[in-house]
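Notes for the structure review
Residues per chain, in single letters:
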Amino acid sequence: MRVQVRAGGAVIADSRDALVMKEGDYPPVYYFPRADVAMDRLVRSSHTTYCPFKGTASYFSLRDGPENAVWSYEAPYDEMSAIRERLAFYSDKVDSIAAG
C-alpha cells in the first residue's frame, strides 16, 4: 500500500513501506522510513513526549510550517523496535495523509 503526506501543497512523504499502527479508537498512524520523507522540509524540535508503551518521542517541525508536526521514536522499547527512527505525522498539521 502506498501512503503519501502532503504539506504546503507538496508531497513530503511517499512510501510503500510505511508501517500502520492502530491504537484504540484513534485513526491509524503511519510510520514512514526516513528515506521516504523529504527530511530537508523538517527541523528538529526540542519537544519530547513519553509513551508508556513505546518510550520517548522526539519531534520535528515543518520548515516554515506547524511546529511539532512530526514525531519519531528514535530508541523505542524493544517490543516496538519496528518503528525505530521512523516518522509519523499529525493529520491536523499537514494538508493530507492518503493511503491507497
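Residues numbered from 1 in each chain as written. Predicted model: local features only at pLDDT ≥ 70, side-chain atom pairs only at ≥ 80, totals over all residues. Heavy atoms only, no water.

Some points on unusual backbone geometry
Heads up, the condition is: Numbering of helices and strands runs from the N terminus; a helix is a DSSP stretch of H or I covering at least four residues, while a strand is a stretch of E covering at least two. Residue burial is assigned from relative accessible area. The probe radius is 1.4 Å, only protein chains are included, and a residue is buried under 20% of its type maximum, exposed over 50%, and partly exposed in between.
We note that aspartate 64 has phi near 60 degrees; this positive angle belongs to a residue other than glycine. Within the element layout of this structure, aspartate 64 appears in the loop between strand E6 (55-62) and strand E7 (70-72). Positive phi is not limited to glycine here, since glutamate 85 has a value of about 60 degrees. Structurally, the position occupied by glutamate 85 is in the loop between E7 and strand E8 (87-89). Relative accessible area serves as the criterion here: at 42%, glutamate 85 is assigned to the partly exposed category.

Focus on the environment of aspartate 17
Test applied: Whether two residues touch is decided by their heavy atoms; if any such pair falls within 4.5 Å, the residues are in contact.
Tracing the backbone through its elements, the reader meets aspartate 17 in the loop between strand E2 (10-15) and strand E3 (19-21). What makes aspartate 17 partly exposed here is its relative accessible area of 42%. Measuring from C-alpha to C-alpha, the distance between aspartate 17 and aspartate 36 comes to 8.5 Å, with 19 residues separating the pair along the chain. Setting aside chain neighbours within four positions, we find aspartate 17 in contact with Tyr31, Pro33, Asp36 and Arg86.

Comments concerning the pairing of E2
Filter applied, for reference: Between any two strands, pairing holds if DSSP finds at least two bridges.
With five bridges connecting them, strand E1 (residues 3-7) and E2 associate as antiparallel partners. Residue arginine 6 lies in a different strand from E2, and its bridge partner there is valine 11. Where E1 folds back onto E2 in an antiparallel hairpin, the turn is made up of two residues, including glycine 8, whose phi is positive at roughly 60 degrees.

Let's talk about the sheet that holds E2
So the rule is basically this: The convention used is that axes are lines fitted to C-alpha atoms, helices contributing only their stretch in contact, and that angles between N-to-C directions extend from 0 to 180 degrees.
Here we have three strands laid out as an open sheet, ordered E2-E1-E9, and antiparallel in their pairing. Of all the strands in the sheet, just E2 and strand E9 (96-99) have a single pairing partner and so form its edges. In this sheet, neighbouring strand axes are inclined to one another by 15 degrees on average, regardless of whether the strands run parallel or antiparallel.

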